[in-house]
Amino acid sequence: MTPVGSDAGAQPDTPRAAALARLAEAQGFAALWARDVPLMVPQRSPADTAAPQASAVDDPFVWLTLLAAATSRIAIGLAAAVLPLRHPLHIAKAALSLDRVSNGRFVLGLGSGDRPEEFAAFGAVLEQRAQVFRERWPLLRAALSPDAQERALMLQQVGYPVLPAPAARIPMLVVGSARQSLQWIAEHADGWATYHREEATQEGRIGLWQHALRQKLGSATKPFVQSAQLQLLEDPAAPATPLELGLRGGSAAVRDYLQRMHALGVDHVMFNLSGGRPAEEVIEQIGAEIIPALSAPPSG
């Protein structure tokens, strides 16, 4: 998750952000992600006793364009655009543009939003966000599809395309529940991105996701993605201890955790790096001590 290594409320240094993106790509990371935070509303987690902090987050489409321009292979993902607060044609225009400038590397995550202050500021109704999310999804899907039959819905509703059809379908993930059922997500989205949970609990969520896929599609073939807070310690042998929504530990413990989650059915993990160490050090340590072990074929 980007930006990496910026203090809360501070805007990140863009040359450093581009350099960190290039470093992550060189170290074998699969994707760079960004969030959609429309307003600087002070927030804190329920377990945090510190004063609420407001995040200064750049527009995600502009931010990800910076990262796309700095790299050439790594996927560029948004987790997630707040669909009830953005017109689907605006999202489609930005997504198609970013997909083109990144040479087909863009992944679009979509959520329903959860900050009452933002809904009030944008003149949207918080209690209607689940319905609005469902209503806006088909038009956005049509605008991002290369398939003429799917694009017909956009032409019927709008009369004109947003941009020419992309070469391939832009993947659309639901991030969080978006206040939809897993059956709805399984049927309509290209994958589901959710949050870190204790491993046994996450195994249960994965089982529910795979059951929903079998119900709707007859197979469990769409990816399960999760986020996780990570404090990577310098000592590779340091044991894992839990954090709120994540874990703290050395490279061996983090590697073992990722291998266990993959065995349960997790396809991709978005790490929110924290802990105060220089981001360059942490990215290089992950690249040297964790990613090669995950990429290696199983022994025996």
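Relevant structure appears above.
Since the structure is predicted, the reported quantities are computational estimates derived from the model, not experimental observations. (Residues numbered from 1 in each chain as written. Predicted model: local features only at pLDDT ≥ 70, side-chain atom pairs only at ≥ 80, totals over all residues. Heavy atoms only, no water.)

Some remarks on the overall build of the chain
Within the chain one finds 11 helices and nine strands. Here the C-alpha radius of gyration of the chain, 19 Å, is about what a compact globule of 300 residues would show, namely 19 Å. Judged by the C-alpha coordinates and their principal axes, the chain covers about 60 × 45 × 40 Å. A burial count over the chain gives 44% of its 300 residues as buried. For the chain, long-range pairs separated by at least 24 residues make up 67% of all intrachain contacts whose partners lie at least 6 apart in sequence. Surface summary for the chain: the accessible area is close to 14600 Å², and the carbon and sulfur share equals 53%. Side-chain charges of the chain comprise 26 positive and 29 negative groups, with the mean position of each set lying 6 Å from the other. (Helix = DSSP H or I, 4+ residues; strand = E, 2+ residues; numbered from the N terminus. Rg over C-alpha atoms; globule rule 2.2 N^0.38 Å. Buried < 20%, exposed > 50% of the residue type's maximum accessible area, 1.4 Å probe, protein only. Contact = heavy atoms within 4.5 Å. Areas by Shrake-Rupley, 256 points an atom, 1.4 Å probe, with all protein chains shown as cover. Lys, Arg positive; Asp, Glu negative; His and termini not counted. Charge placed at Lys NZ, Arg CZ, Asp CG, Glu CD.)

Topic: the packing of aromatic side chains
Applying the stated rule across the entire model yields six aromatic pairs. Plain terms: the ring middles of Trp 192 and Phe 224 are 5.5 Å apart, the flat faces sit at 90° to each other, and that makes the pair edge-to-face. Here Phe 224 lies in strand E6 (residues 224-232) and Trp 192 lies in strand E5 (residues 191-194), a separation of 32 residues in the sequence. Comparing Trp 192 with Phe 224 shows no difference in burial state: the two are buried. Connected via pairs of aromatic rings, a cluster forms that spans Phe 133, Trp 137 and Trp 184. (Phe/Tyr/Trp six-rings, centres within 6.5 Å; stacked < 30°, edge-to-face > 60°.)

Comments concerning helix H5 (residues 129-143)
Given a rise of 1.5 Å per residue, 15 residues ought to cover 21 Å, and the 21 Å separating the end C-alpha atoms of H5 matches this to within 8%. Along H5, the sharpest kink reaches roughly 30°, centred on Trp 137 and followed within four residues by the proline Pro 138. Taken residue by residue, H5 has Arg 129, Ala 130, Val 132, Phe 133, Trp 137, Leu 139, Leu 140, Arg 141, Ala 142 and Ala 143 as its buried positions. (Expected span 1.5 Å × (residues − 1). Bend = angle between axes of the 7 residues up to and from the residue.)

Re unusual backbone geometry
Each neighbour pair has its own omega, and for Thr 2 with Pro 3 the value is -5°, a cis peptide bond. Structurally, Pro 3 is set in the segment before helix H1 (14-26). The linkage connecting Ala 79 with the following residue, Ala 80, adopts the cis geometry, with an omega of 10°. Among the secondary structure elements, Ala 80 is positioned in strand E2 (residues 75-82). Of note in this structure, Leu 245 is not a glycine but carries a positive phi near 60°.

Overview of the environment of Leu 258
Looking at the element boundaries, Leu 258 is found in helix H9 (residues 251-264). C-alpha of Leu 258 to C-alpha of Ser 102: the two residues are 156 residues apart in sequence and 28 Å apart in space. Once residues lying within four places of it in the same chain are set aside, the contact partners of Leu 258 are Val 269, Phe 271, Ile 290 and Leu 294.

Focus on the environment of Leu 89
One can find Leu 89 in helix H3 (residues 88-101). Residue Leu 89 is classed as partly exposed on the basis of its relative accessible area, which comes to 23%. A C-alpha to C-alpha distance of 17 Å links Leu 89 and Leu 173, two positions 84 residues apart in sequence. Residues within four places of Leu 89 in sequence aside, it is in contact with Leu 139, Val 158 and Val 162.

Regarding the layout of surface pockets
Unfilled space is identified by rolling a water-sized probe across the atoms. One number sums up the size of the second largest pocket: a volume of about 860 Å³. Around the second largest pocket, the lining comprises 42 residues; the ones closest to its centre are Phe 29, Ala 30, His 268, Val 269 and Phe 271. Secondary structure elements with two or more residues in the lining of the second largest pocket: H1, strand E1 (31-34), helix H2 (60-70), H9, strand E9 (268-273), helix H10 (279-289) and helix H11 (291-295). Residues belonging to the lining of the second largest pocket are distributed by class as follows: 30 nonpolar, nine polar and three charged. (1 Å grid on protein atoms, 1.4 Å probe; cavity = no way out; pocket = protein on both sides within 12 Å on 5 of 7 lines; lining within 4 Å. Points joined across faces, edges and corners; volume = space filled by probe spheres on them. Nonpolar A, V, L, I, M, F, W, Y, C, P; charged D, E, K, R; others polar.)

Considerations on the pattern of salt bridges
Side-chain pairing between opposite charges can occur once the charged atoms of the two side chains come close. Under the counting rule described, the total for this entry stands at 11 salt bridges. Put simply, Arg 86 and Asp 36 hold a salt bridge, and the shortest N to O gap is 3.0 Å. Placement of the pair is Arg 86 in the loop between E2 and H3 and Asp 36 in the loop between E1 and H2, with a sequence separation of 50 residues. Given a relative accessible area of 10%, Asp 36 falls into the buried group. Notably, a salt bridge pairs Arg 169 with Glu 150, separated by 3.0 Å at the nearest N-O pair. Of this pair, Arg 169 sits in the loop between helix H6 (148-157) and strand E4 (172-175) while Glu 150 sits in helix H6, placing them 19 residues apart in sequence. When salt bridges with common partners are traced through the structure, they connect Asp 36, Asp 59 and Arg 86 into a single cluster. (Salt bridge = Lys/Arg side-chain N within 4 Å of Asp/Glu carboxyl O.)

Function cannot be read off these values alone, since they describe shape.
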